[in-house]
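Single-letter residue listing:
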Amino acid sequence: MEAVNGDDRQRVFIGDVQGCASELEDLLDELRYDPQRHALYFCGDLVNRGPRSLDALRLARECAADSVLGNHDLHLIARAAGVRGAKALDTIEEILTAPDGDDLISWLRGRPAVIEWADLVLVHAGLHPTWTDLAAVDRRIARGVDWTGDPMESADLRFATTVRYCGPQGDIPPRDVERPARRETRPGHLGSIAPPYAPWDAFWHGPRTVVFGHWAERGLVRRDCVRGLDSGCVWGGRLTAWIAEQDRFVSVPARERYQAID
Ligand SMILES: [Mn+2]
């Protein structure tokens, strides 16, 4: 196996956990997770909507995993900072009151928006078509985000953690542009949005492979230089891992449908 950054462990990427810690335990069992052999990376959104967000965060830390920031992680950080109120489907109160809550939230706050290797890029939602120097983007985010305010005020961070469709210059479709209805989206299907808009990865041409999550309605994505891992565990789908060195998906079913798709 080729050594990556002096580390010969296999890189295992895990899709959106969203508090589904039981399924994360099942998935680690299924992978025969071994910290000597596997380096774990999460696609972001470790927390919220699912039943065990606190345990999901603790387990990620026990595994010495890394993660990129997701929109739900940012929501937790903003709630902890007192700049946002609770949303109806939030399941993160237990983190805000836990004895190790501050420590877990400050760990999350230190996660980057993008992690990159010579052959791969990890981001929660997607990459802006005009981003060429990702390290510079990440530095700009790290410098620019005011963590005492709402981190979503950073346009770069908002894009990386929320984009689904965009135009060739990264413009987000106006609200009145028709998007494919959920019932019309199928796993792996790109969606029939009107040009110039398209799923963000239509503008990604490699050569590196981008690993992302965030888009449960679209489901698993396996295209040239793109791997999408959000298979909707919290919605009653599956929790999916992708082993980079084997180009192999491993997944386990949700034990329950924790949230109904509206
Ligand atoms: Mn998300």
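Please read these numbers as outputs of a predicted model, since none were measured by experiment.

Engineer: Hey, could you run me through the coordination of the manganese ion in this one?
Structural biologist: The textbook angles at a metal center are 109.5 degrees for a tetrahedron of four donors and 90 or 180 degrees for an octahedron of six. The manganese ion binds to the protein through Asp45 (OD), Asn71 (OD1), His124 (NE2) and His214 (ND1); the donor distances cover 2.1 to 2.2 Å. Sequence spacing of the donors to the manganese ion: D-x25-N-x52-H-x89-H. Of this pair, Asn71 sits in helix 3 (residues 71-80) while His124 sits in the loop between strand 5 (120-123) and helix 6 (134-144), placing them 53 residues apart in sequence. The exposure class assigned to His124 is buried, which follows from its relative accessible area of 0%.

Engineer: Looking at this structure, how should I read the sheet that holds strand 8 (residues 209-212)?
Structural biologist: Within a sheet, each strand pairs with its neighbour through backbone hydrogen bonds, oriented either parallel or antiparallel. With respect to topology, 5 strands assemble into an open sheet ordered 4-5-8-10-9, the strand pairing being mixed. For this open sheet the edge positions go to strand 4 (114-116) and strand 9 (221-223), each flanked by a neighbour on one side alone. Adjacent strand axes in the sheet meet at a mean angle of 15°, parallel and antiparallel pairs treated alike. Two elements, strand 9 and strand 10 (residues 226-228), share 3 bridges in a ladder whose sense is antiparallel. Looking across to strand 10, one finds that Arg223 is bridged to Val226.

Engineer: Sorry if this is basic, but what is going on with the nonpolar core here?
Structural biologist: Here is a general trend for soluble globular proteins: nonpolar side chains tend to be buried in one another's company. Of all hydrophobic cores here, the largest spans 69 residues; its most connected members are Ile14 and Leu127. The greatest single-element share of this core, amounting to 5 residues, is contributed by helix 2 (residues 53-62). Beyond its immediate sequence surroundings of up to four residues, Ile14 is in contact with Leu24, Leu27, Leu28, Leu40, Tyr41, Phe42, Cys43, Leu229, Leu239, Thr240 and Ala241. Grouped together as the second largest cluster of nonpolar side chains are 13 residues, Phe13, Ala39, Trp117 and Leu229 included.

Engineer: Teacher, can you tell me more about the packing of aromatic side chains here?
Structural biologist: The description of two aromatic rings rests on the distance between their centres and on the angle between their planes. Counted according to the given criterion, the structure contains 7 aromatic pairs. Ring centres 5.4 Å apart and planes at 85° place the aromatic pair Phe13 and Trp117 in the edge-to-face group. Highlighted residues: Phe13 in strand 1 (residues 10-14) and Trp117 in the loop between strand 4 and strand 5, separated in sequence by 104 residues. For Phe13, a relative accessible area of 0% puts it in the buried group. Among the aromatic residues, those joined into a cluster by ring pairs are Phe13, Tyr41, Trp117 and Trp242.

Engineer: When you look at the packing of helix 2 against helix 5 (residues 101-109) in this model, what are you seeing that I'm missing?
Structural biologist: When two helices pack together, their arrangement is given by the angle between the helix axes and the distance between those axes. Remark: helix 2 packs on helix 5, axes separated minimally by 11 Å, with the N-to-C direction vectors making an angle of 65°. Classified by the angle between their axes, helix 2 and helix 5 sit roughly perpendicular to one another. Helix 5 is crossed by helix 2, and the crossing has left-handed handedness. Here helix 2 contributes Leu54, Leu57, Arg58, Ala60 and Arg61 to the contact with helix 5, which in turn contributes Asp103, Leu104, Trp107 and Leu108.

Calculation rules
- Residues numbered from 1 in each chain as written.
- Predicted model: local features only at pLDDT ≥ 70, side-chain atom pairs only at ≥ 80, totals over all residues.
- Heavy atoms only, no water.
- Donors = N, O, S within 2.8 Å, 3.2 Å for Na, K, Ca; no water.
- Helix = DSSP H or I, 4+ residues; strand = E, 2+ residues; numbered from the N terminus.
- Buried < 20%, exposed > 50% of the residue type's maximum accessible area, 1.4 Å probe, protein only.
- Pairing = 2+ DSSP bridges.
- Axes fitted to C-alpha atoms, helices over the stretch in contact; angles between N-to-C directions.
- Core = buried A, V, L, I, M, F, W, Y, C linked by side-chain atoms within 4.5 Å.
- Contact = heavy atoms within 4.5 Å.
- Phe/Tyr/Trp six-rings, centres within 6.5 Å; stacked < 30°, edge-to-face > 60°.
- Parallel < 35°, antiparallel > 145°, perpendicular 65-115°, else oblique.
- Left-handed = near helix turned anticlockwise from the far one by under 90°.

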